[in-house]
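Inside the fold
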Amino acid sequence: MKNPPIVIQRIAGFTLTELMVTVVVVGILSALAVPSMRTIIQNMRITSQANEFMADLNFARSEAIKRAADVTVCKSNNPTAAAPTCLATGTDWGVGRVIFIDSDADGVLDTTEALLRVRETLDGSNTLTNALNLNLIVYTRTGGTTAVDFSLCDTRLAAFGRQISIEATGRTALTKPAAGC
């Protein structure tokens, strides 16, 4: 019996030309995908921020009803401080907010009042403003409050913004803003 001939197989690899073509194709695909990814991130960010704001408003309303007490949501530029304070000026609610039981109904977070929730500054240079320039929202023991509309906007303005409407009954609704942000 004869031994079969030894076949030397050549180990295949990539040539420099094949590697360069692959790198160019990946670069072109990446250049096309990055702008789309930025839009996806912006859309997710504004949706998330609108949902968090509505969740905070619904939380404050339910706590007011449950506790039969006034619950206040106010904007705060130091919400994570040991003693956060409510802002009395400015129109941007994007600086942060606190929710607390306002036992003396003065709209001020006192050291004796229970702090229920804290939210920090909005990401992505987004703004949250209201048409009435309210600095706080007070939910009464029945869940009612002042009717107001908030506009949540990013750098793309009204086309991608959100409007959060609060009815006098305290219910919230989310829509596209009718006017510019």
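Here is a short report on the structure shown in this document.

Conventions and cut-offs
- Residue numbers run consecutively from 1 along every chain, following the written order of its sequence.
- Note on the predicted model: pLDDT of at least 70 is required for a residue's local features to be given, and 80 or more for side-chain atom pairs to be given and counted; whole-chain, interface and lining totals, by contrast, use all residues.
- Heavy atoms throughout the structure, all of them, feed into the side-chain values; hydrogens and water do not.
- Only when DSSP finds a minimum of two bridges between them are two strands counted as paired.
- Numbering of helices and strands runs from the N terminus; a helix is a DSSP stretch of H or I covering at least four residues, while a strand is a stretch of E covering at least two.
- Each axis is a line fitted through C-alpha atoms, and for a helix only the stretch in contact is used; angles between axes span 0 to 180 degrees, taken between their N-to-C directions.
- Here the term buried applies to any residue with accessible area under 20% of the maximum for its type, exposed to any over 50%, and partly exposed to those in between, with areas from a 1.4 Å probe on protein chains only.
- Each nonpolar core is a collection of buried residues, namely Ala, Val, Leu, Ile, Met, Phe, Trp, Tyr and Cys, held together in the definition by side-chain atoms within 4.5 Å.
- By the convention used here, residues are in contact when the closest approach between their heavy atoms is within 4.5 Å.
- Cysteine sulfur atoms that pair up within 2.5 Å are treated as a disulfide.

An order of E4-E6-E7-E8 is seen for the 4 strands of this open sheet, with the pairing classed as antiparallel. Each edge of the sheet is formed by a strand with only one pairing partner; in this case those strands are strand E4 (127-130) and strand E8 (172-175). When the angles between neighbouring strand axes are averaged without regard to direction, this sheet yields 20°. Examined bridge by bridge, strand E6 (residues 148-153) and strand E7 (residues 162-166) share 5 bridges and lie antiparallel to one another. Counterpart to Ser151 in the pairing with E7 is Gln163.

Backbone geometry places Ala68, a non-glycine residue, at a positive phi of 50°. Among the structural elements, Ala68 can be located in the loop between helix H1 (16-67) and strand E1 (71-75). Look at Ala68 and you get partly exposed, because its relative accessible area is 38%. Positive phi outside glycine occurs at Ser125, with the angle close to 60°. You can see Ser125 is positioned in the loop between strand E3 (115-119) and E4.

Before going further, it helps to spend a moment on the nonpolar core. One finds Leu128, Ile137, Tyr139, Phe150 and Ile164 to be the most contacted residues of the largest nonpolar core, which totals 23 residues. If you list the elements that add at least two residues to this core, you get H1, E1, strand E2 (97-101), strand E5 (136-139), E6 and E7. Take this core: its biggest share by element is 8 residues, from H1. Aside from chain neighbours lying at most four places away, what touches Ile137 is Leu57, Val71, Thr72, Val73, Trp93, Thr145, Phe150 and Ile166.

Glancing now at the state of the cysteines. Here the structure, examined in full by the defined rule, presents 1 disulfide. Linked covalently through their sulfurs, Cys74 and Cys86 form a disulfide whose S-S length is 1.9 Å. Between Cys74 and Cys86, the S-S dihedral sits near -65°, and the bridge is therefore left-handed. Highlighted residues: Cys74 in strand E1 and Cys86 in the loop between E1 and E2, separated in sequence by 12 residues.

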